[in-house]
Amino acid sequence: MKLRDIAHSRTGDKGDTSNISVIAFDINDYPVLERYVTAERVKAHFADIVQGEVARYTLPDLGALNFVMRRALGGGVTRSIALDAHGKCLSSAMLILEIPGR
């Protein structure tokens with residue numbers, strides 16, 4: 001299944017760093033997120049975009065994961081010609097990540 005089947009996402013950016021949160025619709029699906037949506041999988045998923053490190057932060061009480069992706073925005077929003085690689089487009093790209101079904 002796709003990540004979007006059990007979660008939604010929010011994004012932000014600052015300079016050349018993108019921040020993506022993945023939030024379970026149902027708190028009972030949080031363990032699935034925690035198990036299958038790792039920093040390594042996210043880095044591989046965004047291999048064409050992310051040139052730096054990807055850090056994952058867990059927020060179990062919120063049923064959420066937060067990913068900080070460094071060197072991910074082509075030098076920053078104001079320096080990049082890839083306008084579609086910023087903001088909400090990255091959250092949509094995150095949600096197509098394949099994860100095992102329930």
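Further up the page is the structure itself.
Computed from a prediction, not measured in an experiment: that's the story for all the values here.

K.L.:
Whenever I open this one, the pairing of strand S1 (residues 7-14) confuses me. Can you help?
P.N.:
Here is the key point about a regular strand: its side chains alternate between the two faces of the sheet. Looking at chain direction, S1 and strand S2 (residues 17-24) are connected through eight bridges and run antiparallel. Following the sheet pairing, Arg10 is matched in S2 by Ser21. Hairpin connection of S1 to S2: two residues between the antiparallel strands, including Gly15 at a positive phi of 60°.

K.L.:
How do you make sense of the pairing of S2 when you look at a structure like this?
P.N.:
Among the eight residues that make up S2, six are buried, leaving the element largely enclosed by the rest of the structure. Of the pairings in the sheet, the one linking S2 to strand S4 (residues 64-69) comprises six bridges and is antiparallel in character. Counterpart to Val22 in the pairing with S4 is Leu65.

K.L.:
Could you clarify how one ought to interpret the nonpolar core in this entry?
P.N.:
Nonpolar side chains tend to gather and get buried jointly when the protein is soluble and globular. Formed by 24 residues in total, the largest nonpolar core has its most connected members in Leu3, Leu33, Val37 and Met69. Listed by contribution, the elements that provide at least two residues to this core are S2, helix H1 (30-36), helix H2 (39-45), S4 and helix H3 (88-94). With sequence-adjacent residues up to four places away left out, Leu3 is seen in contact with Val22, Leu33, Val37, Met94, Leu95, Leu97 and Ile99.

K.L.:
Help me out: how do you make sense of the environment of Lys43 in this one?
P.N.:
Relative to the elements of secondary structure, Lys43 occurs in helix H2. In sequence terms Lys43 and Phe67 are 24 residues apart; their C-alpha atoms lie 9.7 Å from each other. Discounting residues that sit within four places of it in the chain, Lys43 has contacts with Val50, Gln51, Gly52, Glu53 and Val54.

Rules used throughout
Each residue is numbered by its place in its chain's sequence as written, counting from 1. Local features are withheld for residues below a pLDDT of 70 in this predicted model, meaning they are given only at 70 or higher, and side-chain atom pairs are given and counted only at 80 or more; totals for whole chains, interfaces and linings count all residues. With hydrogens and water stripped out, all remaining heavy atoms of the structure feed into the side-chain values. Paired strands, as defined in this entry, are two strands with at least two bridges between them according to DSSP. A run of H or I in DSSP becomes a helix once it reaches four residues, and a run of E becomes a strand once it reaches two; helices and strands are each numbered from the N terminus. Burial status follows relative accessibility: with a 1.4 Å probe on protein chains alone, a residue under 20% of its type maximum counts as buried, one over 50% as exposed, and anything between as partly exposed. As used in this record, nonpolar core signifies buried Ala, Val, Leu, Ile, Met, Phe, Trp, Tyr and Cys residues forming a set joined through side-chain atoms within 4.5 Å. The criterion used for residue contact is that any of the two residues' heavy atoms lie within 4.5 Å.

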